[in-house]
Amino acid sequence: MGTVAKEAAIDLLKNEIPVEEDEPLFISGDVNTGLVLVDIVNGFCTVGAGNLAPVAPDKQISAMVDESVKLAKMFCEKKWPIYALLDSHHPDVPEPPHPPHCIAGTDESKLVPALQWLESEPNVTLRCKDCIDGFLGSIEKDGSNVFVDWVKANEIKAILVVGICTDMCVLDFVCSALSARNRGFLSPLEDVIVYSRGCATFDLPLQIANIKGALPHPQELMHHIGLYMAKGRGAKVVSEISIDTTARET
């Protein structure tokens, strides 16, 4: 299938399953809002950094990183809470069907260079996870959940979610958070918001997927589907965000 035909097919599918975005998000100090960064690590975002890293510069991923950095800086200026999930696997515990990636202690599992400064910020909670779903990956051996505790301790009423991959780690985390909210486990959380321009996924064309024995993964379409699924599960999806520069610090 040629490029024009592919673009036409994607446009057709988008028309059949449109993502109706919510009103632009305005963040002020009136509603406690937490920023959740999902897997913005070298192993998924930095060219050549590992088995699941991009093999060449990727516009969608680069834009996601840029938007995430902007938000992180603004949240840190206001001392608002940030929860950063970092994919981090034990070398002897595989995650099929994926090849080894983001092994704990390696550069792959570290935040991308543009975000590594977050490690020293007092308003940031870093959580290494060993599975796709960051909500499950936040569960401790004693059954407690670091993410749940973070929401409650900061009295968060809304979370703004960005990261990679839109249709995998981001989506799984969002779905679990929504289910937990609906069951009353995340009080006082009310809204789970996905920032579309702050999310990205990977591209694996059909011809390359066939060689690797993997499933094809068209980037633009799967990004759209991830947003569509999140919206269908009850998340808000926005493409524009503004922050009240006069908002109070916490």
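What you see is a predicted model; the values in this text were computed from it and never measured.

Visitor: How should the overall build of the protein be read in this particular structure?
Guide: Secondary structure summary: the protein contains 7 helices and 8 strands in total. Against the globule reference of 18 Å for 250 residues, the protein gives a C-alpha radius of gyration of 18 Å, in line with a compact fold. With the C-alpha coordinates of the protein rotated into their principal frame, the extents come out at 50 × 45 × 35 Å. Out of the 250 residues in the protein, the part that is buried amounts to 47%.

Visitor: Explain the sheet that holds strand 6 (residues 191-200) here, please?
Guide: Strand pairing in a sheet relies on backbone hydrogen bonds. The paired strands run either parallel or antiparallel. Judged by pairing direction, the sheet is parallel, and its 6 strands sit side by side in the order 4-3-2-5-6-7 without closing on themselves. Only two strands of the sheet have a single partner each, and these edge strands are strand 4 (124-129) and strand 7 (236-238). Neighbour-to-neighbour, the strand axes of the sheet open up by a mean angle of 25°, direction not taken into account. In the packing of helix 3 (residues 59-77) onto the sheet, the strands contacted are strand 2 (33-38), strand 3 (82-87), strand 4, strand 5 (158-164) and strand 6, and the crossing angle to strand 6 comes to about 130°.

Visitor: What is the right way to read the packing of helix 5 (residues 169-182) against helix 7 (residues 219-232) from this model?
Guide: Packed helices, taken two at a time, are described by the angle between their axes plus the distance between the axes. Look at helix 5 against helix 7: their axes get within 10 Å of each other, and the N-to-C directions meet at 0°. It follows from the interaxial angle that helix 5 and helix 7 lie roughly parallel. In this structure, helix 5 contributes L171, V174 and L178 to the contact, and helix 7 contributes G226, M229 and A230. Looking at side-chain class alone, the contact of helix 5 with helix 7 contains 5 nonpolar, 1 polar and no charged residues.

Visitor: Just checking my understanding: could you explain the nonpolar core for this structure?
Guide: Generally speaking, a soluble globular protein has its nonpolar side chains buried in company with each other. Among the nonpolar cores identified, the biggest contains 37 residues, and L35, I40, C45, I82 and L118 are the most heavily contacted of them. For this core, the element with the highest residue contribution is helix 3, accounting for 8 residues. Among the nonpolar cores identified, the runner-up in size contains 31 residues, and V38, F147, V192 and V194 belong to it.

Visitor: How should I be thinking about the pattern of salt bridges in this particular structure?
Guide: Between side chains of opposite charge, pairing is possible as soon as their charged atoms come close. All told, the structure shown has 9 salt bridges when counted by the stated rule. When the shortest N-O distance is used, the salt bridge between K14 and E220 registers 2.7 Å. Of this pair, K14 sits in helix 1 (residues 3-16) while E220 sits in helix 7, and the two are 206 residues apart along the sequence. With relative accessibility at 23%, the residue K14 sits in the partly exposed group. Residues participating in the shared-partner salt-bridge network are D39, D87 and K129.

What counts, and where the lines are drawn
Residues numbered from 1 in each chain as written. Predicted model: local features only at pLDDT ≥ 70, side-chain atom pairs only at ≥ 80, totals over all residues. Heavy atoms only, no water. Helix = DSSP H or I, 4+ residues; strand = E, 2+ residues; numbered from the N terminus. Rg over C-alpha atoms; globule rule 2.2 N^0.38 Å. Buried < 20%, exposed > 50% of the residue type's maximum accessible area, 1.4 Å probe, protein only. Pairing = 2+ DSSP bridges. Axes fitted to C-alpha atoms, helices over the stretch in contact; angles between N-to-C directions. Contact = heavy atoms within 4.5 Å. Parallel < 35°, antiparallel > 145°, perpendicular 65-115°, else oblique. Nonpolar A, V, L, I, M, F, W, Y, C, P; charged D, E, K, R; others polar. Core = buried A, V, L, I, M, F, W, Y, C linked by side-chain atoms within 4.5 Å. Salt bridge = Lys/Arg side-chain N within 4 Å of Asp/Glu carboxyl O.

That's the geometry; what it means functionally is another story.
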